[in-house]
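What follows is each chain in one-letter form.
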Amino acid sequence: MKNMRIMLMVAVVTFTSVTFQFFSIHVPEAHAFSEQTIQRGATGSDVIELQSRLQYNGYYHGTIDGVYGWSTYWAVRNFQHMFGLDEVDGLVGQKTKDMLRNSTKFYKDFVYKQINEGKKFTHYGGVPLAQQTAPSEQQIQKARQIAEQRKQQREQKYKAQAKEQQAQQNQQAQQKQQEQQKQQAQQNQQEQQKQQAQQNQQEQQKQQAQQNQQAQQKQQAQQNQQAQQKQQAQQNQQEQQKQQAQQNQQAQQKQQAQQNQQEQQKQQAQQNQQAQQKQQAQQNQEAQNKATQNKEQKESTAVNLPGGYSQNDIQLMSNAVYGESRGEPYIGQVAVAAVILNRVNSATFPNTVAGVIFEPRAFTAVADGQIWLTPNEQAKKAVLDAINGFDPTEGAIYYFNPDTATSSWIWGRPQIKRIGKHIFCE
């Protein structure tokens, strides 16, 4: 008995499967969705296909009549929710249509034939279409049950797929995150390398700047040292020049001192010579006086001398006039004798004729020895005229020859007149 039931169930299943395969093969599947979005209140072929496909996988159990009512609306939302569509709003757009096409079948000819013939029918998947034409309530429930089982299996499968997909997505996201972290790490490493390179470059630039600054400081120090050396050399040169100038000045002073000393020695020699000459003159005068006295004593002749001057004074003055002014006009010779007498009478000169004539550097004829030349009669006559009061100089006590005078002092004396080559002064 039990075997009979098993054989019967196998026969039913085999028949059902063969029938299903027959109708599946001979009833063509159709894809009639248009491009418009299907929403609640819509009617027509798109709604018929929508209701058929929803019933095929167990989401819609109402009548397939082409009218988008509340039962169709909730079936669409449940389908959208179960298959994880982004928007669960009852609007059948392209994503919902694609999902329905991938998960269901639509036997258009069968459906429209049933509708056109006004027959009651269902469109559950996994149930032969022959059993869904004018089905009994029991057949409907059974088909619904089969469809819902298929629905549950598909949902479980979809959930598993979704879970697996989610896992894959998570894995991909993790991989992507790891990749991003890796890229971020690489970027960070590159950024660090870049920063390190910049720091190295800045450090090199800083070192280069320091080296340049040190080089400039060194160059500046060298320039300063050279300038100091140059300045020191100039100072040394100036110091040497100064020392040389001092040495030259000292040499000049020394030379000048030597010249002065020589001049003094020369003057001293002249003075000594004059003193000697004067002494010799005095000795000569004394000898001459003695000779004259002897002669006068021998001749026993009396001489009348003017002005209280002795014969020796007249002779000495004649020698001086002849030595100083021979060649001058007679009045010039009288003027020379007058100057000698004016000095004898002056408080600033010696008060004797011999003292005046032999005073050092007083008369050129004494210095050069011409005093001892023998005077002529004109010189003696000029002396006697001067002694007798003839003074052409008007009181002069100095005279000089402007052509031969070398002393600047004599030019500072007040001049009285010029007679012959001589200028007579106060």
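- Going by an unreviewed UniProt entry, the protein chain carries the name Spore cortex-lytic enzyme and comes from Metabacillus elymi.
- In its Sequence similarities (unreviewed entry) section, UniProt records this for the protein chain: "Belongs to the SleB family."

**A closer look at the packing of aromatic side chains**
Phase 1 of the analysis: Counting across every chain of the model gives 12 aromatic pairs.
Phase 2 of the analysis: Ring plane angle 75 degrees and centroid distance 5.2 Å describe the contact between Y73 and W74, whose orientation is recorded as edge-to-face.
Phase 3 of the analysis: Exposure remark for Y73: the relative accessible area of 16% places this residue in the buried category.
Phase 4 of the analysis: Taking relative accessible area as the criterion, W74 reaches 46% and is therefore assigned partly exposed.
Phase 5 of the analysis: Geometrically, the ring pair formed by F110 and F121 is edge-to-face, given 6.1 Å between the ring centres and 90 degrees between the ring planes. In this pair, F110 is assigned in helix 5 (residues 108-117) and F121 in the loop between helix 5 and helix 6 (137-299), connecting sequence segments 11 residues apart.

**A word on the pairing of strand 2 (residues 415-419)**
Phase 1 of the analysis: Where strand 2 lies against strand 3 (residues 422-425), 4 bridges are found, and the strand directions are antiparallel. The residue bridging R418 from the neighbouring strand is I423, located in strand 3.
Phase 2 of the analysis: Here strand 2 folds back onto strand 3, and the loop between the two strands holds 2 residues, one of which, G420, carries a positive phi near 65 degrees.

**Some points on the nonpolar core**
Phase 1 of the analysis: The biggest cluster of nonpolar side chains holds 37 residues, and the ones touching the most others in it are M317, I340, V353, I357, V383 and F424.
Phase 2 of the analysis: By residue number, the principal contributor to this core is helix 8 (residues 330-345), which donates 8 residues.
Phase 3 of the analysis: Here V383 is in contact with I314, M317, S318, V321 and A337, once residues within four sequence places are set aside.
Phase 4 of the analysis: Of all hydrophobic cores here, the second largest spans 26 residues; its members include Y68, F83, F110 and F121.

**Quick word on the pattern of salt bridges**
Phase 1 of the analysis: Scanning the model with the defined rule gives 8 salt bridges in all.
Phase 2 of the analysis: Between E148 and R144 there is a salt bridge, and its shortest N-O distance comes to 3.3 Å. Separated by 4 residues within a single helix, E148 and R144 lie in helix 6, roughly one turn from each other.
Phase 3 of the analysis: For E148, a relative accessible area of 28% corresponds to the partly exposed category.
Phase 4 of the analysis: By relative accessible area, which is 30% here, R144 ends up partly exposed.

**Quick word on the packing of helix 8 against helix 11 (residues 377-387)**
Phase 1 of the analysis: Direction vectors running N to C along helix 8 and helix 11 enclose 50 degrees, while the axes themselves pass 8 Å from each other. Here helix 8 lies oblique to helix 11, going by the angle between them. In this structure, helix 8 meets helix 11 at a crossing whose hand is right-handed. The residues of helix 11 that touch helix 8, namely those facing Y330, Q333, V334, A337, A338 and L341, are Q378, A379, K381, A382, V383, D385, A386 and I387.
Phase 2 of the analysis: By residue class, the composition of the contact of helix 8 with helix 11 is 10 nonpolar, 2 polar and 2 charged.

**Considering the sheet that holds strand 1 (residues 398-400)**
Phase 1 of the analysis: Strand order in this open sheet of 3 strands is 1-3-2, and the pairing throughout is antiparallel. The open sheet has two edge strands with one neighbour each: strand 1 and strand 2. Ignoring which end each strand starts from, the neighbouring axes of this sheet average 25 degrees apart.

**Re the environment of F424**
Phase 1 of the analysis: Looking at the element boundaries, F424 is found in strand 3.
Phase 2 of the analysis: Residues F424 and A396, 28 residues apart in the sequence, show an inter-C-alpha distance of 5.9 Å.

**A closer look at unusual backbone geometry**
Phase 1 of the analysis: Within the chain, A134 stands out as a residue other than glycine whose phi angle is a positive 50 degrees.
Phase 2 of the analysis: Looking at the secondary structure, you find A134 in the loop between helix 5 and helix 6.
Phase 3 of the analysis: In this structure A134 comes out as exposed when scored by relative accessible area, which is 53%.
Phase 4 of the analysis: We note that E394 has phi near 60 degrees; this positive angle belongs to a residue other than glycine.
Phase 5 of the analysis: When its relative accessible area of 57% is taken as the criterion, E394 is described as exposed.

**Quick look at the side chain of Q55**
Phase 1 of the analysis: Tracing the backbone shows Q55 in helix 2 (residues 45-56).
Phase 2 of the analysis: Excluding anything up to four places from it in sequence, Q55 contacts Y60, H61, G62, I64, T122, H123, Y124, G125 and A147.

**Regarding the environment of C425**
Phase 1 of the analysis: Inspection of the secondary structure assignment puts C425 in strand 3.
Phase 2 of the analysis: Its relative accessible area of 0% is what places C425 among the buried residues.
Phase 3 of the analysis: Once the C-alpha coordinates of C425 and Q415 are considered, the two residues, 10 residues apart in sequence, prove to be 4.1 Å apart.
Phase 4 of the analysis: C425 has contacts with A396, I397, Y398, F400, R413, P414, Q415 and I416, leaving out every residue within four places of it along the chain.

**Description of the packing of helix 7 (residues 311-325) against helix 8**
Phase 1 of the analysis: Contact geometry for helix 7 and helix 8: axes closest at 9 Å, N-to-C directions at 130 degrees. Here helix 7 lies oblique to helix 8, going by the angle between them. In this structure, helix 7 meets helix 8 at a crossing whose hand is right-handed. When helix 7 is examined against helix 8, the residues M317, A320, V321, E324 and S325 are found in contact with a partner set consisting of Q333, V336, A337, I340 and L341.
Phase 2 of the analysis: Here the contact of helix 7 with helix 8 is composed, by residue class, of 7 nonpolar, 2 polar and 1 charged.

**Some details on the layout of surface pockets**
Phase 1 of the analysis: Its boundaries defined by the atoms lining it, the largest pocket holds a volume of some 1,200 Å³.
Phase 2 of the analysis: Around the largest pocket sit 33 residues that line it, and R361, A362, F363, T364 and Y399 are the ones nearest its centre.
Phase 3 of the analysis: Listing elements by their share of the lining of the largest pocket, those giving two or more residues are helix 6, helix 7, helix 10 (364-368) and strand 1.
Phase 4 of the analysis: Grouping the constituent residues of the lining of the largest pocket by class yields 12 nonpolar, 12 polar and 9 charged.

Criteria and thresholds
Every chain is numbered on its own, with residues counted from 1 as its sequence reads. In keeping with the predicted nature of the model, local features appear solely for residues at pLDDT of at least 70, side-chain atom pairs appear and are counted solely at 80 or more, and the whole-chain, interface and lining totals rest on all residues. Excluding hydrogens and water, the side-chain figures rest on all heavy atoms present in the structure. UniProt positions are given in the numbering used here, feature names are shortened, and annotations may be inferred rather than shown by experiment. Here a Phe, Tyr or Trp ring, Trp counted by its six-membered ring, pairs with any other such ring whose centre lies within 6.5 Å, and the pair is stacked when the planes are under 30 degrees apart, edge-to-face when over 60, and tilted otherwise. Each residue is assigned to one of three classes by its accessible area relative to the maximum for its type, calculated with a 1.4 Å probe on protein chains only: buried under 20%, partly exposed between the two thresholds, exposed over 50%. The way it works is that DSSP assigns letters per residue, a run of H or I at least four long becomes a helix, a run of E at least two long becomes a strand, and they are numbered from the N terminus. The criterion for strand pairing is that DSSP finds at least two bridges linking the strands in question. Grouping buried Ala, Val, Leu, Ile, Met, Phe, Trp, Tyr and Cys residues that are joined through side-chain atoms within 4.5 Å yields what is termed a nonpolar core. Two residues qualify as a contact provided that any one of their heavy atoms is within 4.5 Å of a heavy atom in the partner residue. We count a salt bridge whenever a side-chain nitrogen from Lys or Arg sits within 4 Å of a carboxyl oxygen from Asp or Glu. Orientation is described by axes fitted as lines to C-alpha atoms, over the contacting stretch for helices, and by angles from 0 to 180 degrees between their N-to-C directions. Every angle not falling under 35 degrees, over 145, or within 65 to 115 is termed oblique; those three ranges are roughly parallel, roughly antiparallel and roughly perpendicular. Helix crossings fall into two classes, left-handed where the near helix is turned counterclockwise from the far one by less than a right angle and right-handed where it is turned clockwise. Side-chain classes follow a simple rule in which Ala, Val, Leu, Ile, Met, Phe, Trp, Tyr, Cys and Pro form the nonpolar group, Asp, Glu, Lys and Arg form the charged group, and the remainder, Gly included, forms the polar group. The method works on a 1 Å grid over the protein atoms by themselves. A cavity is a set of points holding a 1.4 Å probe that cannot get out, a pocket is an open set with protein on both sides within 12 Å along at least five of seven lines, and residues with an atom within 4 Å of a point line them. Grid points are joined across faces, edges and corners, and a volume is the space filled by probe spheres set on the points.

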